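Below, each chain spelled out in residue letters.
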Amino acid sequence: MQLDSRAQTLLKALVERYIADGQPVGSRALSKISGLDLSPATIRNIMADLEEMGFVCSPHTSAGRIPTPRGYRLFVDTLLTVQPLDETTVESRLQPGLQKASPQKIISNAAQMLSSLSKFAGVVMTPRHESVFQQVEFLRLSEKRILLVIVTPGGDVQNRLLLTDVDYTPSQLVQAANYINQHYAGLGFDEVRGRLQNELRQLRDDMTRLMQAAVEAGSDALAENEEDVVISGERNLLSVTDLASNMTSLRKLFDLFEQKTGLMQLLDVSSKATGVQIFIGGESQLVPVEAMSIVTAPYEVNGKVVGTLGVIGPTRMAYERVIPIVDITAKLLSNALSHS
């Protein structure tokens, strides 16, 4: 829906004032801060139109108005003026934590820096590593119960219990393990999954099912060792009035941190996009708290997108500051991981 220039100017002024002080904004204040030569009556009429279109609303305790999620969306998409950060200053703070460290430490430092610079919570989805194995072994525990033993190239051992439809003999289990080790050792389970579908036509169906079950279980077993999301600064959000004043919202927020499932889904969605993305509570089902927004950006290793990072904070955040913080951190993290 197109707004004329006067309505856009008033909405921008209202959102910026509300972000700054958290108080509903009245027509009198808008006439002073908008720079428009309009009568109070004209401003009231425009604000009434904006309210009817769903961009602002009136809290029942005040004559002033506040932005709705739809109003925030229009603001960040078309009206926001991003403040360029001094990249040299930001880099000088970020670089020491992103150099000469292990990839996990670099990612942890990036989450801490996002939190420190934004004063909210920083989050980084870790790179997805393919689940590579060096050797597998099947041990028959009882009828239709098999222990899958997985050895990684680094010597780590993972076990998984397989419940099968067929009672395999010890010799069948040795045959299956030998086939996998001979043909697929050193590969990732995801690659093996694809090859199995094409290369095992000649084997009996029950053996194929055993191998496919082993691949699925092995991929899950190795993936469990990795921390999917690194979060820093959750406690910063306790001091954000918009979030901490509502116990229901606060509970949803910390459920998000604890379970991480919804957060992973959101970060996964944003990793498929280009550049900075903004998810606003109340308009996106991926954000469970109406007063919360998440600003994200994908990061790369050697030119390939491998994860996402971002800042979690209140909907009433200074987007013009947070957006460049997220953008610069994604670029620096990409560079650090590509050269680690």
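Residues numbered from 1 in each chain as written. Predicted model: local features only at pLDDT ≥ 70, side-chain atom pairs only at ≥ 80, totals over all residues. Heavy atoms only, no water.

Draft legend 1. Fine view of the nonpolar core. Core analysis: the biggest nonpolar cluster contains 79 residues, and L263, I312 and Y319 have the highest contact counts within it. Top contributing element to this core by residue count: helix α13 (residues 319-338), with 11 residues. Leaving out residues up to four positions away in the same chain, L263 has contacts with V123, V229, I231, L256, F257, I294 and I312. Formed by 24 residues, the second largest nonpolar core is a distinct cluster that contains L173, Y179, V192 and L210. (Core = buried A, V, L, I, M, F, W, Y, C linked by side-chain atoms within 4.5 Å. Buried < 20%, exposed > 50% of the residue type's maximum accessible area, 1.4 Å probe, protein only. Helix = DSSP H or I, 4+ residues; strand = E, 2+ residues; numbered from the N terminus. Contact = heavy atoms within 4.5 Å.)

Draft legend 2. Broad picture of the layout of surface pockets. In this model, the largest pocket occupies a volume close to 390 Å³. Within the residue set of the lining of the largest pocket, elements represented by two or more residues are β2 (66-67), α4 (69-79) and α10 (241-244). Split by residue class, the lining of the largest pocket holds eight nonpolar, seven polar and three charged. (1 Å grid on protein atoms, 1.4 Å probe; cavity = no way out; pocket = protein on both sides within 12 Å on 5 of 7 lines; lining within 4 Å. Points joined across faces, edges and corners; volume = space filled by probe spheres on them. Nonpolar A, V, L, I, M, F, W, Y, C, P; charged D, E, K, R; others polar.)

Draft legend 3. Broad picture of the side chain of T68. With respect to the helices and strands, T68 occurs in the loop between β2 and α4. Its relative accessible area of 12% is what places T68 among the buried residues. In this structure the side chain of T68 is engaged in a polar contact, spanning 2.5 Å, whose partner is the backbone oxygen of G54. Setting aside residues up to four positions removed in sequence, T68 forms contacts with G54, F55, V56 and C57. (Polar contact = N/O pair within 3.5 Å; in protein donor to acceptor, adjacent residues only side chain to side chain.)

Draft legend 4. Geometry of the sheet that holds strand β5 (residues 145-151). The strand order β4-β5-β6 describes an open sheet built from three strands, whose pairing is antiparallel. Taken across any chain shown, the strands that pair with only one partner, and hence form the sheet edges, are β4 (135-142) and β6 (157-163). Direction aside, the axes of adjacent strands within the sheet are offset by 25° on average. Contacting β4 and β5, helix α7 (residues 170-184) crosses the sheet at an angle of about 165° to β4. (Pairing = 2+ DSSP bridges. Axes fitted to C-alpha atoms, helices over the stretch in contact; angles between N-to-C directions.)

Draft legend 5. Quick look at the packing of helix α6 (residues 103-118) against α13. At a minimum axis separation of 10 Å, α6 and α13 run at an interaxial angle of 165°. Of the possible angle classes, the one that applies to α6 and α13 is roughly antiparallel. When you trace α6 past α13, the crossing you get is right-handed. Of the residues in α13, those in contact with P103, I106, I107, A110, L114, L117 and S118 of α6 are R321, I325, V326, T329, L333, A336 and L337. Tallied by class, the residues present in the contact of α6 with α13 amount to 11 nonpolar, two polar and one charged. (Parallel < 35°, antiparallel > 145°, perpendicular 65-115°, else oblique. Left-handed = near helix turned anticlockwise from the far one by under 90°.)

Draft legend 6. Structural view of the sheet that holds strand β7 (residues 229-232). Within the open sheet, the five strands sit side by side as β7-β3-β10-β9-β8. Their pairing is antiparallel. Strands at the two margins of the open sheet, each flanked by one partner only, are β7 and β8 (277-280). Along the sheet, successive strands turn relative to each other by an average axial angle of 20°, direction set aside. Here α13 sits on the sheet in contact with β3 (121-125), β8, β9 (292-301) and β10 (304-314), set at roughly 25° to β9.

Draft legend 7. The pairing of β6, seen in detail. In this structure, β5 lies alongside β6, joined through seven bridges in antiparallel fashion. Pairing of L148 across the sheet is with R160, part of β6. Hairpin remark: β5 followed by β6, antiparallel, with five residues in the connecting loop; positive phi at G155, about 95°.

Draft legend 8. Up close: the side chain of R65. Checked against the element boundaries, R65 lands in the loop between β1 (56-57) and β2. Assessed through its relative accessible area of 15%, R65 is described here as buried. Looking at R65, its side chain comes within polar contact range of the side chain of E51, at 2.8 Å. Discounting chain neighbours no more than four positions away, the residues touching R65 are L14, P24, V25, M47, A48, E51, V56, C57, S58 and P59.

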